[in-house]
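Here is what each chain is made of, one letter per residue.
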Amino acid sequence: MLRIENLQAGIEGKVILKGINLEIKPGEVHAIMGPNGAGKSTLASVLAGRPDYTITAGTVEFDGKDLLDLSPEARAGEGLFLSFQYPVEIPGLTTTNFIKTAVNEVRKYRGQEALDAVSFLKMMKEKMALMEMEQPMLSRSLNEGFSGGEKKRNEIFQMAMLQPKLAILDETDSGLDIDAIRIVANGVNKLRSKDNAVLAITHYQRLLDYLVPDFVHVLYNGRIVKSGTKELALELEERGYDFIKSELQQEEAVS
Amino acid sequence: MNNTTYFQEQFDKLQQADNSKGLTAVRKEAFRDFNRMGIPTTRNEEWKYTRISSLFNKEYQLAAVNTALTAADINAFRLPGYETANELVFINGIYSPAFSVVRSKGITVQPLEEAAENEYKAIVAEHFNHSKDYVEDGINALNTSFIHGGIFVHVQQKQVVEHPVYIYNITDARTTPVLSQPRSLVHMGVQSQVQITETYATIGNTESITNQVMEIMVEQDAILSYYKIQNDASHASQVSTTHIRQTGKSVVNTVTISLNGSIVRNNLHAVLEAPYAEAHLYGLYFQQGNSHIDNHTVVDNAVPNCLSNELYKGILDDNATGVFNGKVFVRKDAQKTNAFQSNKNILLSDAASVNTKPQLEIFADDVKCSHGCTVGSLDEEALFYLRSRGIPYKAAMALLLQGFAMDILEKIQAPAIRAHVEELIIQRLTTV
């Protein structure tokens, strides 16, 4: 579904990603972990098409298409979703109006008819229940005055509404208490199927207790330096990122 | 001073033709003021960023007596809900009883010169031309110099006027450039309530000017909602002075929506003369092309315990230019004044610009006053957020701008007018 090859990218002349290789297949959950400044959020941003970044080398193929050649809106249309680390507050635009526009634009992109009011409401009710959200929250301005937990729940609610093939969760657990993490992770879990995939970017193991990954990758200094299964996440939690660093140093010394 | 002899000729003509005794003396004095001050230039601090002098380099037809306008011409400009509204129509600055309809009891409309002589004499004497103390330029005096066909609107005490009042300022500029100078004085009696919406329309392609003065006096416990919609032709300019004097504890809500015109200058004054009087001044301007919008507001707190709340928001595209100047006076005795002011702007192009200036003059020491202004471009992060959800660039931009405008639109409490303005904004958004 997603194939990243030798991806190199940066911002304002600074190189951050120094050659990423990663393949994600339908049905899989991948986790990317790593210390601050390793390039985790840059990877998420580059995949979603944030305009500030420059790609200097490499390719990203998403369902057979050249992802890097698509506008952010076209990537969403193709089925890519980014849950923002810092969801943006937009005064004057209600969540309902926003998500209705988004759903119908994505449908338009996919050559589907716009949802009628009844089907839209039905779908919205269902997804609200999934995320334990109440109507008043959706009638408010998008994310405005929302707590950290509410913002992240709203992100996963949007994911549920847009039904992406690949969901990238950028530090969705950061700043959340344990109840909020549970709600968010349960939401994601219920949306999982054999046809879609999740890429969870996280600093801590906590989220992965709920969202059990098939693969764990360690991103360090712009490269994936170690990959493994969920046990790797536990090891990282226990030993910290320093053990990776010392391992790398040893490897360098040997070579 | 431009055009001195032309104005003098026209003035003499009017003085002879309309010699109603209440007004000839007023006009004479005003014309003297006009000649002394002239059309303001950019050297006048209040007109620093708005250049209107060049507009007066040509001869305008003043007070067209006979235009061939028909009801059908006016239909094009009627506001939604007009079927049940009180409609007051000015053609080239002259009130037209034939095109106007007054439906509500509790509201009467009569020629200004008659009111100056009849039972309203005292009110007219006290409140008419009060605005001149707040604008030190010849443009206000020019309106007064040529007062003709103005109206006095009386809202009876204890009357909640059930139908809204729609005022159409129509300029027929099909054959020659016109200077329209509508003039009105509105008196709201105690405990009365009325909703007024004003709009401006120029028919024809010659460059025309509307120089309007409206004075409104609001008595104890009265509630005024006043909406102004400016979406005139791109070759039409206007100076619109709305002077509201609150002589009793009363509530005034104004929303000024400016969407088009060549040069548009608004002077909006709220003079709070009674404790606990409340004035809310809201504005939204959304200009494109070469249009220029200037909102000058004055809130004058003369007595203690008044409240004013002011929020103006602007979107400027293409080569459009904007000016916001918000003056707040808090006089020595006006303790416990609450006065808030904010002006926020979004520039959509590199060539668009805005000059914004809060101006607080506070002489009391126990007050709560705040002001602030921002000028920026569209939030890139917000744009990316919407696009990442599949919303194309243009549509995302439109949603953000609509959201930006929303808190002003929400202040329009008349559903039909609000829907109308929202529709105009949505149309405009398809063109950015």
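The structure under discussion appears in the preceding block.
All values derive from a computational prediction rather than experimental measurement. (Residues numbered from 1 in each chain as written. Chains lettered and ligands numbered in written order. Predicted model: local features only at pLDDT ≥ 70, side-chain atom pairs only at ≥ 80, totals over all residues. Heavy atoms only, no water.)

S.K.: I tried to follow the overall build of chain B on my own but got confused; where do I start?
M.R.: Within chain B, the regular secondary structure consists of nine helices and 21 strands. The C-alpha radius of gyration computed for chain B amounts to 21 Å, which stays within 12% of the reference 22 Å derived for 432 residues, consistent with globular compactness. In terms of overall dimensions, chain B has a C-alpha envelope of 70 × 55 × 45 Å along the principal axes. Looking at chain B as a whole, 60% of its 432 residues are labelled buried. Considering only contacts within chain B whose residues lie at least 6 apart along the sequence, 84% involve residues at least 24 apart. Total accessible area computed for chain B in this model is approximately 16300 Å², and 48% of it derives from carbon and sulfur atoms. The distance from the centre of the 36 positive side-chain charges to the centre of the 46 negative ones in chain B is 1 Å. (Helix = DSSP H or I, 4+ residues; strand = E, 2+ residues; numbered from the N terminus. Rg over C-alpha atoms; globule rule 2.2 N^0.38 Å. Buried < 20%, exposed > 50% of the residue type's maximum accessible area, 1.4 Å probe, protein only. Contact = heavy atoms within 4.5 Å. Areas by Shrake-Rupley, 256 points an atom, 1.4 Å probe, with all protein chains shown as cover. Lys, Arg positive; Asp, Glu negative; His and termini not counted. Charge placed at Lys NZ, Arg CZ, Asp CG, Glu CD.)

S.K.: Whenever I open this one, the overall build of chain A confuses me. Can you help?
M.R.: A tally of regular secondary structure across chain A gives 10 helices and 12 strands. Scaling as 2.2 N^0.38, a compact globule of 255 residues should have a C-alpha radius of gyration of about 18 Å, and chain A matches this with 18 Å. Oriented by its inertia axes, the alpha-carbon framework of chain A measures out at about 65 × 40 × 35 Å. Looking at the 255 residues of chain A, the share that counts as buried comes to 53%. A fraction of 70% describes how many contacts in chain A between residues 6 or more apart in sequence connect residues 24 or more apart.

S.K.: I would appreciate a short explanation of the sheet that holds strand β10 (residues 197-202) of chain A in the present structure.
M.R.: Residue and element names in this part refer to chain A. Reading across from one edge, β6-β9-β10-β3-β11-β12 is the order of the six strands in this open sheet, with mixed pairing throughout. Every interior strand has two partners, whereas the edge strands, β6 (80-83) and β12 (223-228), have only one. The average undirected angle you get between the axes of adjacent strands in this sheet is 20°. Pairing geometry for strand β3 (residues 29-33) and β10, over five bridges, is parallel. Bridging across to β10, A31 finds its partner in A200. (Pairing = 2+ DSSP bridges. Axes fitted to C-alpha atoms, helices over the stretch in contact; angles between N-to-C directions.)

S.K.: Please explain the packing of helix α4 (residues 117-130) of chain A against helix α6 (residues 148-162) of chain A as it appears in this structure.
M.R.: Helix-helix packing: each pair is described by the crossing angle between the helix axes and the interaxial distance. All names here are of chain A. Running from N to C, α4 and α6 cross one another at 140°; their axes reach a closest spacing of 9 Å. Between α4 and α6, the crossing angle belongs to the class labelled oblique. The crossing of α4 and α6 is right-handed. Here F120, M123, M124, K127, M128 and L130 of α4 come into contact with α6, specifically with F157, A160 and M161. Among the residues making up the contact of α4 with α6, the classes are represented as eight nonpolar, no polar and one charged. (Parallel < 35°, antiparallel > 145°, perpendicular 65-115°, else oblique. Left-handed = near helix turned anticlockwise from the far one by under 90°. Nonpolar A, V, L, I, M, F, W, Y, C, P; charged D, E, K, R; others polar.)

S.K.: Can you walk me through the interface of chain A and chain B in this structure?
M.R.: The interface is formed by 29 residues belonging to chain A together with 19 residues belonging to chain B. Considering only the surface of chain A that becomes buried against chain B, E73, F84 and V88 of chain A emerge as the three largest contributors, covering 26% of it. The interface formed by chain A and chain B contains three salt bridges. Between R387 of chain B and E73 of chain A there is a salt bridge, with the nearest N and O atoms lying 2.6 Å from each other. Our enumeration of links across chain A and chain B arrives at nine residue pairs in polar contact (both at pLDDT 80 or more). Looking at the side of chain A that touches chain B, the elements that each hand over two or more residues are α2 (72-78), β6, β7 (90-94), α3 (95-109) and α6 of chain A. The element best represented in the side of chain A that touches chain B is α3 of chain A, accounting for six residues. (Buried area = accessible area lost by both parts, 1.4 Å probe. Salt bridge = Lys/Arg side-chain N within 4 Å of Asp/Glu carboxyl O. Polar contact = N/O pair within 3.5 Å; in protein donor to acceptor, adjacent residues only side chain to side chain.)

S.K.: Can you help me understand the environment of Q335 of chain B in this one?
M.R.: Residue and element names in this part refer to chain B. Mapped onto the elements of the fold, Q335 is located in the loop between β18 (321-330) and β19 (338-347). Here the alpha-carbon distance between Q335 and N319, two residues 16 residues apart in the chain, equals 43 Å. In this view, Q335 contacts P304, N305, A364, D365 and D366; residues no more than four positions away in its chain are not counted.

S.K.: What exactly am I supposed to notice about a negative patch on the surface here?
M.R.: On the surface, a cluster of negative charge is made up of E5, E61, D66 and D69 of chain A. Tracing the backbone through its elements, the reader meets D66 of chain A in strand β5 (residues 65-66). (Patch = residues over 30% accessible without salt bridge, like charges linked within 9 Å, V, L, I, M, F, W, Y side chains within 5 Å.)

S.K.: How do you make sense of α6 of chain A when you look at a structure like this?
M.R.: In an α-helix, one full turn covers 3.6 residues, which means residues spaced three or four apart are oriented alike. Taking 1.5 Å of rise per residue, 15 residues should cover 21 Å, and α6 of chain A covers 21 Å from first to last C-alpha, within 8% of that figure. For α6 of chain A, the tally of buried residues reaches 14 of 15 residues, placing the bulk of the element in the interior. (Expected span 1.5 Å × (residues − 1).)

S.K.: Would you explain the sheet that holds strand β4 (residues 53-62) of chain A in this entry?
M.R.: Within a beta sheet, neighbouring strands are joined by backbone hydrogen bonds and run either parallel or antiparallel to one another. Residue and element names in this part refer to chain A. Across the sheet, which stays open at both edges, the four strands sit in the order β2-β1-β4-β5 with antiparallel pairing between neighbours. The open sheet has two edge strands with one neighbour each: β2 (14-24) and β5. Here strand β1 (residues 2-11) runs beside β2; their pairing, made up of eight bridges, is antiparallel. The residue bridging I4 from the neighbouring strand is L22, located in β2. Across the sheet, helix α1 (residues 40-48) is in contact with β1, β2 and β4; its angle to β1 comes to roughly 110°.

S.K.: It is not clear to me how unusual backbone geometry should be interpreted in this structure. Could you clarify?
M.R.: Backbone geometry follows two general trends: most residues other than glycine have a negative phi, and most peptide bonds adopt the trans configuration. For D63 of chain A, which is not glycine, the phi dihedral falls at a positive 50°. Looking at the element boundaries, D63 of chain A is found in the loop between β4 and β5. Looking at D63 of chain A, the relative accessible area reads 39%, which means it is partly exposed. A positive phi angle is found at D221 of chain B, which is not glycine, with a value near 60°. Residue classification places D221 of chain B among the partly exposed residues on the basis of a relative accessible area of 31%.

S.K.: What is the right way to look at the packing of aromatic side chains in this model?
M.R.: Centre distance and the angle of the planes are the two values used to describe a pair of aromatic rings. Residue and element names in this part refer to chain B. With the rule as written, the count across this model stands at 14 aromatic pairs over all chains. For the pair Y6 and F7, a centre-to-centre distance of 6.2 Å together with 55° between the ring planes defines the contact as tilted. One exposure class covers both Y6 and F7, and it is buried. Between the aromatic rings of Y312 and F324, the centroid separation amounts to 5.2 Å while the plane-to-plane angle is 40°, which identifies the pairing as tilted. In this pair, Y312 sits in strand β17 (residues 307-316) while F324 sits in strand β18, placing the two residues 12 residues apart along the sequence. When its relative accessible area of 1% is taken as the criterion, Y312 is described as buried. Aromatic ring contacts, followed pair by pair, group Y6, F7, F11, F31, F34 and F146 into a single cluster. Across the ring face of F404, the terminal group of K313 is positioned such that the distance to the ring centre comes to 4.4 Å. Stacked on the ring of F286, the Lys or Arg R428 has its end atom at 5.6 Å from the ring centre. (Phe/Tyr/Trp six-rings, centres within 6.5 Å; stacked < 30°, edge-to-face > 60°. Lys NZ or Arg CZ within 6 Å of the ring centre and 35° of its normal.)

S.K.: Hey, could you run me through the pairing of β19 of chain B in this one?
M.R.: Side-chain direction in a regular strand flips from residue to residue, so the side chains alternate between the two faces of the sheet. All names here are of chain B. β19 sits mainly inside the fold: seven of its 10 residues count as buried. Examined bridge by bridge, β17 and β19 share 10 bridges and lie parallel to one another. In the sheet register, L316 faces β19, and the bridge partner there is L347. Taken together, the nine bridges between β19 and strand β21 (residues 368-376) define a ladder with parallel strand orientation. From the neighbouring strand, F340 faces β21, where its bridge partner is S370.

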